[in-house]
Amino acid sequence: MTLTESALAALIARAFERHGMSAPNAGLVAAVVAAAERDGAASHGLLRLDGYIATLRSGWVDGRAVPVVTQPAPSILAVNAANGFAQVALAAVRDQATATARSQGLAAVCVSDSHHFAALWPDIEPFAEQGLIALTMVNARGRIVVWGGKRKVLGTNPMAFACPRSDGPPVVWDQASSLRAQGEVLKARVEGRSVPEGIGLDAAGAPTTDPAAILDGGALLPFGGHKGAGIAFMVEVLAAALTGGRFGFQDDSPSFPGAQTSRAGQFLLLIDPARGPGGDVPGRIAALVGVLREAGAQRMPGDERHHRRALALRDGIAIPAAIHAKLLALAGE
Ligand code: NDP
């Protein structure tokens, strides 16, 4: 089956609504799943559908949550996501955060009590398209062991960065603090593949390339050894300690069989480069990217997604027939 992005998003939204989400919330979360499929970010596209539905069915997340936004300081915005999805909380604060970044030069958004089950780039790309620099971080359930520890305390704690450039779409990178995102390990298990060495440990703490051994009681490892561990720690501090969100080790999702999301927090920093001392920052970033390309950098972060996006916008998004049939069934059609 080949669908347009809007048709796919609408179908996913109907499936979410049928499983307990309000229509506006379903639309916001479905949009990021469809965008991931559009851009070929398969680990956070339809692969996650079962996880969303199981989590909604478990009662662990509130699909009808209405976030509450406050502004405790001139440049700090707080969003209580009310146990709902992070994309809903971000949508609630988007305009105020943009206005604050424009007036104050920067805005720090602290989201608490939220569930993030998607890629992070859709959260920040739109800000950079409006000329802002954006940095975001999400903490997650304890999944990695760090600094020689024996237990999983920190999550795969992703962070993403987006900046505008004058001669093209924003440069956006988006990466987990683990050497591989859990979604990639999940994908390998679904496809019956082993994962490369150095990614994870089994339940006994021994290195393994078996995705099932990592996912069922094992652990992931941070990228770059102790340096990635430092990043994962920083994400936990900014996304949980600072925001008031739960730490990854405070996870109590096992009390909700089927729950697959982390009930945690998200930090978002917006900077208006026009208010800083750098002059024409988008122009300077374009020049920097030009030098990197001249120096042989063949792929900038985001290049692959934009290439796949262009193909999807031209040809539509190809969905395996079995997945399409499952979507229709979930949507009751
Ligand atoms: P990858 O290692 O696949 O990619 C990380 C970044 O590097 C991307 O921006 C990617 O760009 C870029 N990149 C990859 N390969 C190259 C290359 N050869 N040259 C230049 N740039 C490159 O990501 P991860 O596996 O670490 O994370 C995957 C996803 O998982 C992320 O979207 C992350 O947000 C998500 N995640 C979500 C969590 C959650 O709780 N919601 C938890 C953990 C992860 P490009 O986009 O173009 O591929």
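Residues numbered from 1 in each chain as written. Predicted model: local features only at pLDDT ≥ 70, side-chain atom pairs only at ≥ 80, totals over all residues. Heavy atoms only, no water.

Colleague: Looking at this structure, I do not really get the sheet that holds strand S8 (residues 200–201). What am I missing?
Modeller: Two orientations exist for strands paired in a sheet by backbone hydrogen bonds: parallel and antiparallel. Pairing is antiparallel across the open sheet formed by three strands, whose spatial order is S9-S8-S10. Two strands close off the open sheet at either side, each with one partner strand: strand S9 (207–208) and strand S10 (219–220). Pairing geometry for S8 and S9, over two bridges, is antiparallel. Across the sheet, the residue bridging to Leu201 is Pro207, located in S9. (Pairing = 2+ DSSP bridges. Helix = DSSP H or I, 4+ residues; strand = E, 2+ residues; numbered from the N terminus.)

Colleague: Just to check I follow, could you spell out the site of the ligand for this structure?
Modeller: What surrounds the ligand is a group of 19 residues, the closest being His44, Ala118, Asp174, Ala176 and Gly302. Side-chain polar atom of Asp174 to an oxygen atom of the ligand: 2.5 Å apart, as the coordinates give it. Between Gly302 and the ligand, the recorded distance is 2.7 Å, taken from a backbone N or O atom to an oxygen atom. Coverage of the ligand by the protein amounts to 73% of the 930 Å² it exposes when considered alone. Put simply, the parts of the chain that give the shell around the ligand at least two residues each are strand S7 (168–175) and helix H10 (303–315). Its residues placed into classes, the shell around the ligand shows nine nonpolar, five polar and five charged. Inspection of the shell around the ligand shows a minimum of three residues originating in each of domain 1 (1–58 + 302–333) and domain 2 (70–178 + 222–300). (Near = heavy atom within 4 Å. Polar contact = N/O pair within 3.5 Å; in protein donor to acceptor, adjacent residues only side chain to side chain. Areas by Shrake-Rupley, 256 points an atom, 1.4 Å probe, with all protein chains shown as cover. Nonpolar A, V, L, I, M, F, W, Y, C, P; charged D, E, K, R; others polar. Domains from an automatic or database assignment.)

Colleague: Help me understand the pattern of salt bridges in this model?
Modeller: Any two side chains of opposite charge can pair, on the condition that their charged atoms come close. Applying the stated criterion across every chain yields a total of 17 salt bridges. When the shortest N-O distance is used, the salt bridge between Arg189 and Asp216 registers 3.2 Å. Residue Arg189 is located in helix H6 (residues 182–191), and its partner Asp216 is located in the loop between helix H7 (211–215) and S10; the two are separated by 27 residues in the primary sequence. Residue classification places Arg189 among the partly exposed residues on the basis of a relative accessible area of 36%. With a closest N to O distance of 2.8 Å, Asp315 and Arg314 form a salt bridge. A residue is classified by how much of its surface remains accessible, and Asp315, at 43% relative accessible area, is partly exposed. Judged by relative accessible area, Arg314 falls into the exposed class, the value being 63%. Three or more residues are tied together by salt bridges with common partners; here these are Glu5, Arg38, Asp39, Glu125, Arg305 and Arg309. (Salt bridge = Lys/Arg side-chain N within 4 Å of Asp/Glu carboxyl O. Buried < 20%, exposed > 50% of the residue type's maximum accessible area, 1.4 Å probe, protein only.)

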